[in-house]
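An overview of the molecular structure
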Amino acid sequence: MAFHALIVDDSGAVRAFVRASLEDADFARVQEAETGFEALRLLASNAFDVVIVDINMPDINGLELLAFMKKSPRQQGAQKILISTQMDGQDAKRGAELGADAFLKKPFEVDELRELIRRLLGSAEKVSG
Amino acid sequence: MSDPRDNVQEEFLAEAQELVEALSRDLLLLDEAHHRNERIDPGLINEIFRSVHTLKGIAGMFGYKHVGVVAHTLEDLLDDLRLGRTSVGPQLLDVLFDSVEHFQRLLALDDPQSPEEEARVQAYIAAVRSIGTETAEEEGDPLHKYAIDPAVLSVLTEYEEHRLRACIREGFRLYRLRAVFDLTAIDDSIETLRNVASDDAEIITYLPSMEGGNDDTIEIVVLLASGVPEAQLQAHFEGRYGGIEAIEERTHLPTLPPRLTSIPSTAASMGAQPEEDPSQASLHSVANSVRVDIRKLDHLMNVVGELALVRSAVNRIVDQFKGESTYRQSLMDLDRIGRGFERQLSELRTGILDVRMVPLGQVFNKLARIVRQAAREHDKQVRLVVTGANTEVDKLIVEKLTDPLMHLVRNAIDHGIEPADARTRVAKSAEGTLALNAYHKGSNVVIEVEDDGGGMNAHQLRETAVSLGLLSTDAGHELSRQEMLNLVFLPGLSTRSEVTDLSGRGVGMDVVKTNILRMGGMISIESEQGSGTKITVTLPITLAIIRALIVTIASRTFALPITAVREAIPYIPEEVRTIEGREVITLRGETLPICDLARLFGFRGSSRKKGGFVVVASMGNRELGFVVDGLVGQDDVIIKALGKSLSSVRGFAGATDLGDQKVALVLDAPALFTEHFDGPEALRAAETHP
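Residues numbered from 1 in each chain as written. Chains lettered and ligands numbered in written order. Predicted model: local features only at pLDDT ≥ 70, side-chain atom pairs only at ≥ 80, totals over all residues.

As for the overall build of chain A
From N to C terminus, chain A includes five helices and five strands. Along chain A, helices (α) and strands (β) appear in the sequence β-α-β-α-β-α-β-α-β-α when read from the amino end. In chain A, buried positions account for 51% of the 129 residues. Long-range pairs, those at least 24 residues apart, make up 60% of the contacts in chain A between residues at least 6 apart in sequence. (Helix = DSSP H or I, 4+ residues; strand = E, 2+ residues; numbered from the N terminus. Buried ≥ 20, exposed ≤ 12 C-beta atoms within 10 Å, placed from the backbone. Contact = placed C-beta atoms within 7 Å.)

Points about the overall build of chain B
Looking only at helices and strands, chain B has 22 helices and 22 strands in total. The 690 residues of chain B split such that 35% are buried.

Points about the interface of chain B and chain A
Counting from both sides, the interface comprises 33 residues of chain B and, opposite them, 40 residues of chain A. Contributing elements (two or more residues each) for the side of chain B that touches chain A: helix 1 (9–35), helix 2 (42–61), helix 7 (158–169), helix 8 (186–197) and strand 2 (202–209) of chain B. For the side of chain B that touches chain A, the residue count by class is 16 nonpolar, nine polar and eight charged. (Nonpolar A, V, L, I, M, F, W, Y, C, P; charged D, E, K, R; others polar.)

Some details on unusual backbone geometry
Residues and elements named next belong to chain A. Between Lys106 and Pro107 the backbone carries a cis peptide bond, its omega angle lying at 0°. Locating Pro107 in the fold gives a position in the loop between strand 5 (102–105) and helix 5 (110–128). The backbone of Asp59 shows a phi angle near 65°, a positive value even though the residue is not glycine. Residue placement: Asp59 occurs in the loop between strand 3 (50–54) and helix 3 (62–71).

What to know about the pairing of strand 1 (residues 2–8) of chain A
Note: strand 1 of chain A against strand 2 (residues 27–33) of chain A, seven bridges, orientation parallel. Considered in strand 2 of chain A, the bridge of Ile7 of chain A is made with Glu32 of chain A. (Pairing = 2+ DSSP bridges.)

Re the confidence of the model for chain A
Taken over all residues, the pLDDT of chain A has a mean of 87, while the share at 70 or more is 93%. Across chain A, strand 3 of chain A holds the top mean pLDDT of 95, while helix 5 of chain A sits lowest at 79. (pLDDT = per-residue confidence, 0-100.)

Structural notes on helix 13 (residues 361–377) of chain B
All names here are of chain B. With 17 residues, helix 13 should cover 24 Å at 1.5 Å per step; its first-to-last C-alpha distance of 24 Å lies within 8% of that length. Among all positions in helix 13, only Val363, Phe364, Leu367, Ala368, Val371, Ala374 and Ala375 are buried. Burial along helix 13 is one-sided: seen end-on, the buried residues are contained in an arc of 145°. Against the buried residues of helix 13 lie helix 1, strand 6 (382–387), helix 14 (395–416) and strand 8 (432–441). (Expected span 1.5 Å × (residues − 1). Arc of directions from axis to C-beta.)

Some thoughts on the sheet that holds strand 2 of chain B
All names here are of chain B. With antiparallel pairing, the four strands of this open sheet are ordered in space as 2-3-1-4. Bordering the open sheet on either side are strand 2 and strand 4 (245–246), each of which pairs with just one other strand. When strand 2 meets strand 3 (residues 217–226), the two strands line up antiparallel, connected through seven bridges. If you follow Leu207 over to strand 3, its bridge partner there is Val221.

Details of the sheet that holds strand 5 of chain A
Residues and elements named next belong to chain A. The strand order across the open sheet built from five strands is 2-1-3-4-5, with neighbouring strands paired in parallel fashion. Unpaired on one side and paired on the other, strand 2 and strand 5 mark the two borders of the sheet. The average angle at which neighbouring strand axes cross in this sheet is 20°, direction not considered. Taken together, the four bridges between strand 1 and strand 3 define a ladder with parallel strand orientation. Within strand 3, the residue paired with Ala5 across the bridge is Val50. (Axes fitted to C-alpha atoms, helices over the stretch in contact; angles between N-to-C directions.)

Digging into the nonpolar core
Formed by 102 residues in total, the largest nonpolar core has its most connected members in Ala5, Ile52 and Leu66 of chain A together with Ile58 and Leu224 of chain B. Composition of this core by domain shows at least three residues from each of domain 1 (4–129) and domain 2 (142–276) of chain B. Of all hydrophobic cores here, the second largest spans 82 residues; its members include Leu401, Phe489, Ile553 and Val628 of chain B. (Core = buried A, V, L, I, M, F, W, Y, C linked by C-beta atoms within 7 Å. Domains from an automatic or database assignment.)

Looking at the packing of helix 3 (residues 65–82) of chain B against helix 4 (residues 90–108) of chain B
Pairs of packed helices are described in terms of their axes, by the angle between the two and the distance that separates them. Residues and elements named next belong to chain B. It is the contact of helix 3 with helix 4, at a shortest axis distance of 9 Å, that shows an interaxial angle of 160°. Comparing their axes, helix 4 and helix 3 come out roughly antiparallel. Handedness of the crossing formed by helix 3 with helix 4: left-handed. Here helix 3 contributes His66, Val67, Val70 and Leu74 to the contact with helix 4, which in turn contributes Ser99, His102, Phe103, Leu106 and Leu107. Partitioned by chemical class, the residues of the contact of helix 3 with helix 4 number six nonpolar, three polar and no charged. (Parallel < 35°, antiparallel > 145°, perpendicular 65-115°, else oblique. Left-handed = near helix turned anticlockwise from the far one by under 90°.)

Remarks on the pairing of strand 9 (residues 444–451) of chain B
Walk down a regular strand and you will see the side chains alternate between the two sheet faces. Residue and element names in this part refer to chain B. Pairing of strand 8 with strand 9 involves eight bridges; the strand directions are antiparallel. Bridging across to strand 9, Asn437 finds its partner in Glu448. Both strand 9 and strand 11 (residues 532–540) contribute to a ladder of eight bridges, which runs antiparallel. Following the sheet pairing, Asn444 is matched in strand 11 by Pro540.

Pasting the structure below:
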């Protein structure tokens, strides 16, 4: 299952973790963005299958990126995963309203991430097919 | 299947350490603001929260359980702090400062899961939890005061929304600014915007909009809050980003909220680009940086060295064909290409060196924490003044420098700066000052640790040295005041704290000196009883490559680091005099001790009779003339370690390849100084010290 993913997180260790988790097992092409601005740059010129966004980032936060993707014609097919440390907080609630397809609670495990993406991409294929 | 985490473990440790350093730095700023009763920048508290928050996330993912648990507990406390549910106080600061020590220890441990660690971590967590929260009175939602687009509110994080409320409560007005940014330069543009806003306004958030942008540009709406009068703020943003616009205060509840998108954008604002400020060039976004293992840089530097050898080999072949007219044109071309190659090689070398450089501020931040801690332990008032934190030095040196400097700082507070009551008795300010100064001097970096405390008692030092049998009574009487002060570096003298406490300096000055010497540096001391002590550490900027003067001694080639060399003068045997068994010459009216290297190394039994040169070297506040046979020239050399079997040979810093497949030994100027002035005993003692 080849797919094109974007991980947006200001922590290099988290980005490296996600990249290693996905590239190792799947045929994923993973791009990284350290800031919301960098993400905007990539979102403007690429169509992603999966976008994983940390909610808590300085300047442009994860919610703002979700709102942007919702309006962006290029990202209509993207599965949006929001990383948060609290699943029951106000931030996660807003994320759901802004169209997040799934949530990942930090810290998460390699298998948890892989499983989630398989599930999301599997259901996306069923819908489109 | 292997755990993909294994490959990125280093990335985790590097980032975790950076986060802890950032935390430590920010806590010092917070502490300072709290002490001065200044308004605490909410951005600073948020930064502290973010460091701990990120640390918590990655610690959990990389299996550092205790780091994760500690960070999690702190995160709750810091979340309360940033959301205004608790406030900054001494107890909270203490707990936060302690966290830095805990994190550093837990990250360095081989077995962080031991029962002792478990107990320590649990005790710390209990201390963090003992800090209660206050609930602020809420008088209705201040957000109702403004007509803010619900679409905007829906994308704010809890923290951003809290800041918005807090700003309105403080009486700040809300503004919006819209600007179109070039996507390729957006990081720099935002940095510029942040600087423009700086003190006048708090940026609540940036909202990317779909209007006004295309593939190369994007329109961002910036939400700002500011307490300065509107006219002043308008003037400040005049002509930039098409200006700012005040968000209207509600007079009554509107039936339809005004939408951000209905605000007309002027043509100017659409194309407005923030001007590039060259002074901000160094504030490049961290998004453009990478972390590199320093060993990789060492490897690259070795490759550069090999390339230089290739170049020399080509030169030799060119030389062989010189004079053969058939090749004249080709040789000229080859020569030109070779020179270009050399220029590029030199740039490459400079580039690699530049990458290795880090600001000393990294160490100074650690020291600032030590200052705070030591001052608290001894109940002394100490003000830390730092200059030259941006001075850059090789990463390896910075790492090795931390321990010696920590020692010097601790000594200055433990033994130098007096308690407040003792200070006021002698008409000094109750608060002592500790200055950390760093600056470049030639290709050296100088670091000074200076206190305005009680200073050192030189005579006391001498008496202690005599009573310990480190010095004969007669020899003691011949010492100058400076020489008496230098006794503090003798092994055995300053290791006895009960004795040296009296002379105003604590333990382990000999260890400090040894460490500095090992890095090819020098340490010197100035002290005035009653008014303070200044310790000066002089180090090479980099350990990897040095510019050297190539000299010959008894037909053998040696390299002497140019940083130590002041000048070279002809050696005239008739001018040499002997004072107290040591050879000296007179240079511009000053007596200069000299050292004949051929004799020192045992190449010749007696001093040379004619010819040769005196290479005048200086280290710290001393000068010494090295007598050599010939001067070959200057060259950039890469110092390579001598290897285990030769590492105990004194007087040499290593060996270097001179490019013509000749190897030269690199003279260790600081060691030669020590050998000459303090005798071989001092050097041996310093080297055998653990």
